[in-house]
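Chain and residue survey
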Amino acid sequence: MSETLLIALGGNALVQGGQRDTIADQVETLREALAGVVELIRRGYKVVFTHGNGPQVGHILLRAEAARGRAYDLPLDVCVAQSQGEIGYLIQQTLQNLLLRNGLGHRPVATVITRAVVDEADPRMGHPTKPIGPFYTKDQADRLRESGWTMIEDAHRGYRRVVPSPMPVRIVEADVIGRLCDQGTVVIACGGGGVPVRVAEDGTLAGIEAVVDKDLASSVLAEAIGIETILNLTAVEHVKLNFGGPDERDLPTLTVAEARTYLAQGHFAPGSMGSKIEAALRFLDHGGRRFIVTRPEKAVDALEGRTGTSLAADGPARRRILSPDRASKMTRKTRRR
């Protein structure tokens with residue numbers, strides 16, 4: 001059975017510095033970012049994509065603010081779902097066209113609108129830290145506080161809303177994603193970390209005003225469907241120590257122990273490389289085998305160990321615990337072989 005990779009696309013895979021952020025710009029950036037992935041598919045790998053959505057949700061919120069009073073308001077969970085559809089479509093179409101042009105036929109590619117369950121008792125829920133949406137004046141911010149928003153001053157550029165960023169507990173659609181992948185579909189899921197939802201007392205789900213970290217959600221999804229390698233494609237070729245300083249240096253490999261030490265020492269910025277290292281540690285602690293960080297165009301070289309930063313489990317990867325449906329299906333496949 002061919003190996004399945006989870007490929008986490010960072011924001012630079014869609015929007016790069018200096019661009020106007022138009023759809024045409026994003027498609028052109030995607031073509032470049034996905035070239036290495038096409039080669040991996042050619043080599044027989046199955047692929048599940050996850051992706052960020054920061055710029056896209058920001059624009060959705062800008063439009064909602066401009067239309068305030070003339071169109072219905074959009075809660076944040078709906079904004080995340082909208083961004084999943086928009087970005088998923090762009091990845092689907094760009095990737096399918098690249099596969100066709102490279103002689104790989106009409107490979108099925110599908111976007112799954114994905115929800116991430118969070119725990120309302122998570123301490124992070126009581127400490128909003130994630131800035132979202134447009135900047136406001138002080139008077140506007142004061143009025144918005146009265147409506148229940150938490151507002152902070154952001155780098156002397158104005159005031160912005162902040163929301164919680166809780167840990168994802170599980171991915172609601174994990175089993176569906178796994179089944180599609182087993183059937184040979186390239187799946188795009190967990191956009192923007194997934195739509196954050198809570199579980200009510202009667203078992204129903206409800207969206208909440210929060211943002212789930214994409215890298216942490218990717219780790220939870222990979223664990224749930226039995227993926228052993230995450231390829232995290234971002235703006236840098238290597239994880240670095242002393243990033244931006246005169247003594248900056250690349251880290252071609254990282255052990256779990258080293259990663260924990262450097263993270264505790266503050267080498268990795270929160271919400272940036274810090275969230276990737278945190279996600280890598282969670283993934284490896286729960287049975288993952290490899291977590292690789294590099295630039296999109298270096299995907300093949302990084303997977304083959306020629307560049308990028310590779311974090312590996314200390315010793316044999318632990319046996320994964322799959323959902324009953326997934327475990328039963330994998331057992332049936334093994335018996336057929």
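Here, every reference points to the structure presented above.
Residues numbered from 1 in each chain as written. Predicted model: local features only at pLDDT ≥ 70, side-chain atom pairs only at ≥ 80, totals over all residues. Heavy atoms only, no water.

A separate point is the pattern of salt bridges. With the rule as written, the count across this model stands at 26 salt bridges. Across the pair Asp73 and Arg68 runs a salt bridge whose closest N-O atoms are separated by 4.0 Å. The partly exposed category is assigned to Arg68, whose relative accessible area is 40%. Among the salt bridges present, the one from Asp215 reaches Lys276, with a minimum N-O distance of 3.3 Å. In this pair, Asp215 sits in helix H6 (residues 214–225) while Lys276 sits in helix H8 (residues 273–285), placing the two residues 61 residues apart along the sequence. Taking the relative accessible area as the measure of exposure, Asp215 reaches 4% and is therefore buried. (Salt bridge = Lys/Arg side-chain N within 4 Å of Asp/Glu carboxyl O. Buried < 20%, exposed > 50% of the residue type's maximum accessible area, 1.4 Å probe, protein only. Helix = DSSP H or I, 4+ residues; strand = E, 2+ residues; numbered from the N terminus.)

Residue pairs spaced three or four apart in an α-helix point in one direction, given the helix's 3.6 residues per turn. Across its 13 residues, H8 extends 18 Å between first and last C-alpha, which sits within 8% of the 18 Å expected from 1.5 Å per residue. With eleven of 13 residues buried, H8 is to be regarded as a mostly interior element. Within the span of H8, buried status applies to Met273, Gly274, Ser275, Lys276, Ile277, Ala279, Ala280, Leu281, Arg282, Phe283 and Leu284. With its phi angle positive at about 105 degrees, Gly287 sits one or two positions after the end of H8. (Expected span 1.5 Å × (residues − 1).)

What follows covers unusual backbone geometry. With a phi close to 55 degrees, Cys190 is a non-glycine residue in the positive phi region. Here Cys190 shows up in the loop between strand E9 (186–188) and strand E10 (195–199). On the basis of relative accessibility, which here comes to 0%, the residue Cys190 falls in the buried class. Phi is positive for Asn242, which is not a glycine, with a value near 55 degrees. With respect to the helices and strands, Asn242 occurs in the loop between strand E13 (239–241) and strand E14 (249–251).

A word on the packing of helix H5 (residues 174–182) against H6. Their axes nearest at 9 Å, the elements H5 and H6 cross at an angle of 65 degrees. Judged by the sense of rotation from one axis to the other, the crossing of H5 with H6 is right-handed. Together, Ala174, Ile177 and Gly178 of H5 and Leu221, Ala224 and Ile225 of H6 make up the contact between the two elements. (Axes fitted to C-alpha atoms, helices over the stretch in contact; angles between N-to-C directions. Left-handed = near helix turned anticlockwise from the far one by under 90°. Contact = heavy atoms within 4.5 Å.)

Moving on: the sheet that holds strand E1 (residues 4–9). Here eight strands make up an open sheet; going across it, the order is E3-E9-E2-E1-E12-E16-E17-E15 and the pairing mixed. Each having just a single partner strand, strand E3 (109–111) and strand E15 (253–254) make up the two edges of the open sheet. Helix-sheet contacts for H6 involve E1, strand E2 (46–51), strand E12 (229–233) and strand E16 (290–294), and the interaxial angle to E1 is about 170 degrees. (Pairing = 2+ DSSP bridges.)

With respect to the helices and strands, Ser218 occurs in helix H6. For Ser218, a relative accessible area of 1% corresponds to the buried category. Here Ser218 is in contact with Leu6, Ala8, Thr50 and Ile230, once residues within four sequence places are set aside.

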